[in-house]
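Breakdown of the fold
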Amino acid sequence: IPQAMSDLLTSLPLPSWGIMIIINLVLLLLGMFMDPGSIIVIVIPIFIKSIIALGYDPVWFGVIVTIQSEIAAITPPVGFNLFVLKNVTPGANMRVISQGAIVFVIPMLICIAILTAFPGIATAFSDSVPLLLLPLRGLIESRSVLMLPGLPTFRLSYYSFSPLLLNSQRNC
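Before going into details, it helps to say that this report is about the structure given with it.

1. As for the overall build of the chain
Looking only at helices and strands, the chain features eight helices and two strands. Its helices and strands taken in sequence order, the chain reads α-α-α-α-α-α-α-α-β-β from the N to the C terminus. Residues counted as buried form 31% of the 172 residues belonging to the chain. Considering only contacts within the chain whose residues lie at least 6 apart along the sequence, 55% involve residues at least 24 apart.

2. Observations concerning helix H3 (residues 36-53)
For H3, spanning 18 residues, the distance from its first C-alpha to its last is 24 Å, which sits close to the expected 26 Å at 1.5 Å a residue. Where H3 bends most, at isoleucine 44, the angle is about 50°, and the proline proline 45 comes one to four residues later. Among the residues of H3, those classed as buried are Pro36, Ile39, Val43, Ile44, Ile46, Phe47, Ser50 and Ile51. Count one or two residues on from H3 and you reach glycine 55, which has phi positive near 95°.

3. As for the packing of aromatic side chains
Scanning the model with the defined rule gives one aromatic pair in all. Residues tyrosine 56 and tryptophan 60 carry aromatic rings whose centres are separated by 4.8 Å and whose planes lie at 25° to one another, so their mutual orientation is stacked. With relative accessibility at 18%, the residue tyrosine 56 sits in the buried group.

4. What to know about the environment of leucine 29
Tracing the sequence through the fold places leucine 29 in helix H2 (residues 16-33). Judged by its relative accessible area of 51%, leucine 29 falls in the exposed class.

5. Looking at the packing of helix H5 (residues 80-88) against helix H6 (residues 94-117)
Following both chains from N to C, one finds H5 and H6 inclined at 125°, their axes separated by 10 Å at the closest point. It follows that H5 is oblique to H6 by the angle criterion. Remark: the crossing between H5 and H6 carries right-handed chirality. In this structure, H5 uses Leu82, Phe83, Leu85 and Lys86 to contact H6, whose residues at the interface are Met94, Ile97, Ser98 and Ala101. Of the residues that constitute the contact of H5 with H6, the class distribution is six nonpolar, one polar and one charged.

6. A closer look at the packing of H2 against H3
Where H2 contacts H3, the two axes come as close as 12 Å, and the packing angle between them is 180°. Taken together, the axes of H2 and H3 lie roughly antiparallel to each other. Between H2, through Met20, Ile23, Val26, Leu27, Leu30 and Gly31, and H3, the contact on the second element is made entirely by Ile39, Val43, Phe47 and Ile51. Residue classes in the contact of H2 with H3 are distributed as nine nonpolar, one polar and no charged.

Analysis parameters
- Residues numbered from 1 in each chain as written.
- Predicted model: local features only at pLDDT ≥ 70, side-chain atom pairs only at ≥ 80, totals over all residues.
- Heavy atoms only, no water.
- Helix = DSSP H or I, 4+ residues; strand = E, 2+ residues; numbered from the N terminus.
- Buried < 20%, exposed > 50% of the residue type's maximum accessible area, 1.4 Å probe, protein only.
- Contact = heavy atoms within 4.5 Å.
- Expected span 1.5 Å × (residues − 1).
- Bend = angle between axes of the 7 residues up to and from the residue.
- Phe/Tyr/Trp six-rings, centres within 6.5 Å; stacked < 30°, edge-to-face > 60°.
- Axes fitted to C-alpha atoms, helices over the stretch in contact; angles between N-to-C directions.
- Parallel < 35°, antiparallel > 145°, perpendicular 65-115°, else oblique.
- Left-handed = near helix turned anticlockwise from the far one by under 90°.
- Nonpolar A, V, L, I, M, F, W, Y, C, P; charged D, E, K, R; others polar.

Okay, structure coming up:
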């Protein structure tokens, strides 16, 4: 089913930015009624194939989904952070708390619009990490396993230095 829905999404007669707007609207609407963890588990297998097929960077999409998840956490009627704030604020009703949360939703939506218009902002650091690791290339090539006390063992190559960079095939 995820593959069929992904194919349907990519076959729409819209430009790629139009499909991205639809994805953001779906995430925003789902965020009003579901918790962020459920949204990610249910929707990301559908959307990630579409994002890759449209030529977008999955890291960039991960940043967008993270911001959308934060919006979901403070958007009424099911935003969990609103209920936490209600419990720690004596005498405040949910309407006042929800109105106060909207002040934080608007800048995050503007942030999503900026990241959609300029995706390089979200991927600037991940694009430069292989260049930062260039001085360590000899160390990385001489040892195939990095063992740090208290951390799991990671298999190293030039492009996969940490869990955050696994399967990253960026060119230097």
